[in-house]
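# Descriptive analysis of the structure
The primary structure of each chain is shown beneath.
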Amino acid sequence: MLTLIKSTTPKALFVAILLFYSSNAFTQNDVMYIMNSGFVEQVINVSSDIDSLVFIHPDESNFNNGLYLMKDGQLLSSYLFEAEVDSIVFNAPLPTAARAKNMLNGIYWMLNVAQFIADNNFFFVYELASDDRIGCGGMNDRGALAIGQLMRSDENMLISNWNALYKGVYRTNALLSIIDEIPDFESEEHKNQIKGEALFMRAFILSQLTALHGEIPLPTTDRFEPLPAASINDIYGRIASDLKNAIEIMPHQNYAAVENGHATRWAAQALMARIFLFYTGLYEATELPSASDGSISKSQVIAWLEDCVAHSGHQLASDYHELWAYTNSFTINDYQYIQDYMNETGKQLSYVSDFYNRNPESVFAMRFYKDAYWDDRWARSNRLAHFFGLRGQQGPGITFPFARGWGQGQSVSPKMVEDWISHNQEDPRLWASVLDIQKEIPNYIRGQWDLVFETIYSQKKCIGIVALNGYYPAGHIRYANNYSVLMYGNMDNSQNSTMTDLVLIRYADVLLMLSELKEDATYMNQVRARANLEPVDYSLENLQLERRYELAFEGVRWNDMRRWGMQYAKEALETQEGIPVFNFGYERIYRSVHPNGFSGRYEATNGFFAIPLDAIEKSEGLLKQVPGWDSSDTYYNFNEY
């Protein structure tokens, strides 16, 4: 097999790659398979004899994502790539274990791509739509501002998330279609691990799409075809069936035996519980439909979570603060808040993920990598952390240990903080999670880059963390834009250097879900004990409070609100009315701009967001818009009230 590998150097520095063979090296009727991560992205039939392939147009100097077929120095034909490309092969790719592994990595990669444009991402929506965060940003950051109002910025809001996640579904379908034909797996257990991960990923991706948009298409092939929306029961039936299959076939082994960032049997059990609770709550059901088994019962879900607790190897970190990157070894000694906490408690803290250590609470996470760049590799970095970063060009000497960023969604609701203080002001998780800007960053300047709906609080979990990096000759402190610069040799750039994992399912959540399902405070009190809090009796209200505070700013609150009922969600959203904010640095109040208010918008949409218009048009009229999004008053425009 002849393979041409594309260079990974930045596009601006891309050098033409030529393969010269003898005359007629590539002949008419040859077939080229354009590949990415083991997937066939495009098939090109060679229409005439050629002697070279060129990746830069012969009359231009810049790479433009195309392929040019040459003969004797003359351009015969050209093709624009329809997707990112990492190789070209001239024989049909075979189903091999190595290719399956590459394909699996390509499926996980689509989660990274889905947060490339972070204000389109599902996690971003979950955070800003909830009552714990305010949809803030620059006056022209209409996506962030609109999400916080349960409105939309434009007809294609969330399109990049939609496209990336559906590409993940198509890729998963492609892998599952060949996996049983692969002859060279090391063992049946190896095959089942990869197959189980693929099933988990399809379930995870579909669960995000349906949580965002409700009824969605349910593709069964590896290529786009116009489809109508499937029913809610069919969608959740597929999700539950995939997860049950994954649970049954994936190896029963300690989580640490599986590559970091990859799904395990335990992750599938935890996701099943999360989806069971969401579906049965939002749709007022007692069981979760399953395409393969009819339904999944509460008792089954409880048994799976008990298995996870007993055998996964996951455990709670010894101290809540150690879960967050500001306790990394290059920052902790200079962060006064943590120094004060350690002095008060006599504890010596250490970040659970220092130097690639495995976080014992990370059941499933999106991983990030060094050397992100200003091209498709930008998705290697945690873009969400940059979007949530403190807005403006205020340097790390002012914002330390927190990084600057776009400030989209940086604002935490003061009402949320007031609620937390009123329930337990001694809860150490409060200031481990919430950044009191005035107290911790006294020189911070409000209103940077036309920031609107800014509050006096931000969050400490999903945000870049900087570190001291010596001194300049004049004695001024020098900072690295992110601790990963010092820990991993990453590039020093405020926009690309955050490598901190985004934990999407945490072990504390497993314990809290088990308490909720069993209506037993035992597991909830294990979580509270880690925070040195007294045990409480089980009640739904106590469970709701514990989830809100333990899992604050981790993408969980929004869908919890929704599954606990229409009235609960509406009342929570209405607490945003009248919150004190700053627009351009001046005091204002926050309120709904829609005539029906926050609760009216929620009632009209049931918490679902509009399907992007491009997706509807590509369906050739088969896909219909989500209820509550068919009028002009759903479009957001900033005004000062």
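Residues numbered from 1 in each chain as written. Predicted model: local features only at pLDDT ≥ 70, side-chain atom pairs only at ≥ 80, totals over all residues. Heavy atoms only, no water.

What follows deals with empty space enclosed by the protein. Within the structure shown, the criterion is met by 10 cavities of 30 Å³ or more. In this structure, the largest cavity occupies an estimated 320 Å³ of space. Taken together, 22 residues line the largest cavity, and the ones lying closest to its centre are Tyr126, Gln208, Arg274, Gly555 and Asn559. Elements with a contribution of two residues or more to the lining of the largest cavity: α2 (122-129), α5 (188-213), α7 (265-282) and α19 (557-563). The biggest single contributor to the lining of the largest cavity is α7, with five residues. Partitioned by chemical class, the residues of the lining of the largest cavity number 13 nonpolar, four polar and five charged. Quantified by volume, the second largest cavity comes out at close to 230 Å³. (1 Å grid on protein atoms, 1.4 Å probe; cavity = no way out; pocket = protein on both sides within 12 Å on 5 of 7 lines; lining within 4 Å. Points joined across faces, edges and corners; volume = space filled by probe spheres on them. Helix = DSSP H or I, 4+ residues; strand = E, 2+ residues; numbered from the N terminus. Nonpolar A, V, L, I, M, F, W, Y, C, P; charged D, E, K, R; others polar.)

So, on to the nonpolar core. Residues Phe200, Phe364, Phe453 and Phe609 are the most contacted members of the largest nonpolar core, which totals 172 residues. In contact with Phe200, not counting residues within four places along its chain, are Leu243, Ala246, Ala263, Ala267, Ala268, Leu271 and Phe364. (Core = buried A, V, L, I, M, F, W, Y, C linked by side-chain atoms within 4.5 Å. Buried < 20%, exposed > 50% of the residue type's maximum accessible area, 1.4 Å probe, protein only. Contact = heavy atoms within 4.5 Å.)

Side chains of Asp154, Glu155, Asp614 and Glu617 sit close together on the surface and give a patch of like negative charge. Mapped onto the elements of the fold, Glu617 is located in helix α22 (residues 613-618). Residue Glu617 is classed as exposed on the basis of its relative accessible area of 52%. (Patch = residues over 30% accessible without salt bridge, like charges linked within 9 Å, V, L, I, M, F, W, Y side chains within 5 Å. Areas by Shrake-Rupley, 256 points an atom, 1.4 Å probe, with all protein chains shown as cover. Salt bridge = Lys/Arg side-chain N within 4 Å of Asp/Glu carboxyl O. Lys, Arg positive; Asp, Glu negative; His and termini not counted. Charge placed at Lys NZ, Arg CZ, Asp CG, Glu CD.)

It is worth spelling out the pattern of salt bridges at this point. Under the counting rule described, the total for this entry stands at 37 salt bridges. For Asp131, the salt bridge identified is with Arg557, shortest N-O distance 2.9 Å. Note that Asp131 is positioned in the loop between α2 and β8 (137-138) and Arg557 in helix α19, a separation of 426 residues in sequence. The burial state of Asp131 is the same as that of Arg557; both residues are buried. Between Arg367 and Asp501 there is a salt bridge, with its nearest N and O atoms 3.4 Å apart. On the criterion of sequence distance, the pair formed by Arg367 in the loop between β11 (362-366) and α10 (383-387) and Asp501 in the loop between α15 (483-488) and β19 (502-506) is long-range, its members being 134 residues apart. Via salt bridges that share partners, Glu361, Asp427, Arg429, Lys461, Arg506, Arg528, Arg530, Glu546, Glu550 and Glu554 belong to a single interconnected network.

In this section: the packing of aromatic side chains. If you walk through the whole model with that rule in mind, you get 31 aromatic pairs. On the numbers, 5.4 Å between centres and 70° between planes, the contact of Trp564 with Tyr568 is edge-to-face. Among the aromatic residues, those joined into a ring-pair cluster are Phe122, Tyr126, Phe200, Phe204 and Phe364. Over the ring of Phe608 we find Arg562; its NZ or CZ atom is 4.5 Å from the centre of that ring. Against the face of Trp629 rests Arg601, its NZ or CZ located 4.6 Å from the ring centre. (Phe/Tyr/Trp six-rings, centres within 6.5 Å; stacked < 30°, edge-to-face > 60°. Lys NZ or Arg CZ within 6 Å of the ring centre and 35° of its normal.)

One way to put it is that helix α16 (residues 507-518) packs onto helix α18 (residues 540-550) with a least axis distance of 10 Å and a crossing angle of 170°. With respect to each other, α16 and α18 are oriented roughly antiparallel. In this structure, α16 uses Ala508, Asp509, Leu512, Met513, Ser515 and Glu516 to contact α18, whose residues at the interface are Leu540, Leu543, Glu546, Arg547 and Glu550. Along the lines of polarity and charge, the residues of the contact of α16 with α18 split into five nonpolar, one polar and five charged. (Axes fitted to C-alpha atoms, helices over the stretch in contact; angles between N-to-C directions. Parallel < 35°, antiparallel > 145°, perpendicular 65-115°, else oblique.)

The buried count for helix α21 (residues 597-605) comes to seven of nine residues, which makes it a mostly enclosed element. For α21, the complete set of buried residues consists of Gly597, Phe598, Ser599, Gly600, Arg601, Tyr602 and Thr605. Packed against the buried residues of α21 are α3 (142-148), α19, α20 (566-574) and β21 (586-590). Asn606 sits one or two residues past α21 and shows a positive phi near 55°.

All right, on to the layout of surface pockets then. Of the pockets and cavities examined, the second largest pocket occupies roughly 620 Å³. Looking at the second largest pocket, it is lined by 27 residues, and the ones nearest its centre are Gln336, Tyr337, Asp340, Lys439 and Glu440. For the lining of the second largest pocket, the secondary structure elements donating two or more residues are α9 (336-345), α11 (396-399) and α14 (437-440). Per element, the largest residue contribution to the lining of the second largest pocket is six residues, and it comes from α9.

In this section: the confidence of the model for the protein chain. Detailed reading of the predicted model is not advised wherever pLDDT is low. With 93% of its residues at a pLDDT of 70 or more, the protein chain shows a mean pLDDT of 92. Segment residues 1-24 is flagged for pLDDT under 50; beyond a separation of four residues in sequence, or across chains, it makes 60 contacts in the model. (pLDDT = per-residue confidence, 0-100.)

Below, the discussion takes up the packing of α5 against α7. Between α5 and α7, the shortest axis-to-axis distance is 11 Å and the interhelical angle comes to 25°. Considering their axes alone, α5 and α7 lie roughly parallel with respect to each other. Regarding α5 and α7, the two cross each other, and that crossing is left-handed. Between α5 and α7, the residues in contact are Phe200, Ala203, Phe204, Ser207 and Ala211 and Ala267, Ala268, Leu271, Ile275 and Phe278, respectively. For the contact of α5 with α7, the per-class residue count stands at nine nonpolar, one polar and no charged. (Left-handed = near helix turned anticlockwise from the far one by under 90°.)

Tracing the backbone shows Tyr636 in the segment after α22. Taking the C-alpha atoms as reference points, Tyr636 and Pro183, 453 residues apart in sequence, are found 54 Å from one another. Beyond its immediate sequence surroundings of up to four residues, Tyr636 is in contact with Arg142, Leu145, Ala146, Gln149, Met151, Arg152, Phe453 and Val593.

Let us look at the environment of Gln448. Along the chain, Gln448 turns up in the loop between α14 and β15 (451-452). Here the alpha-carbon distance between Gln448 and Tyr283, two residues 165 residues apart in the chain, equals 43 Å. Aside from chain neighbours lying at most four places away, what touches Gln448 is Arg391, Gly392, Gln393 and Gln394.

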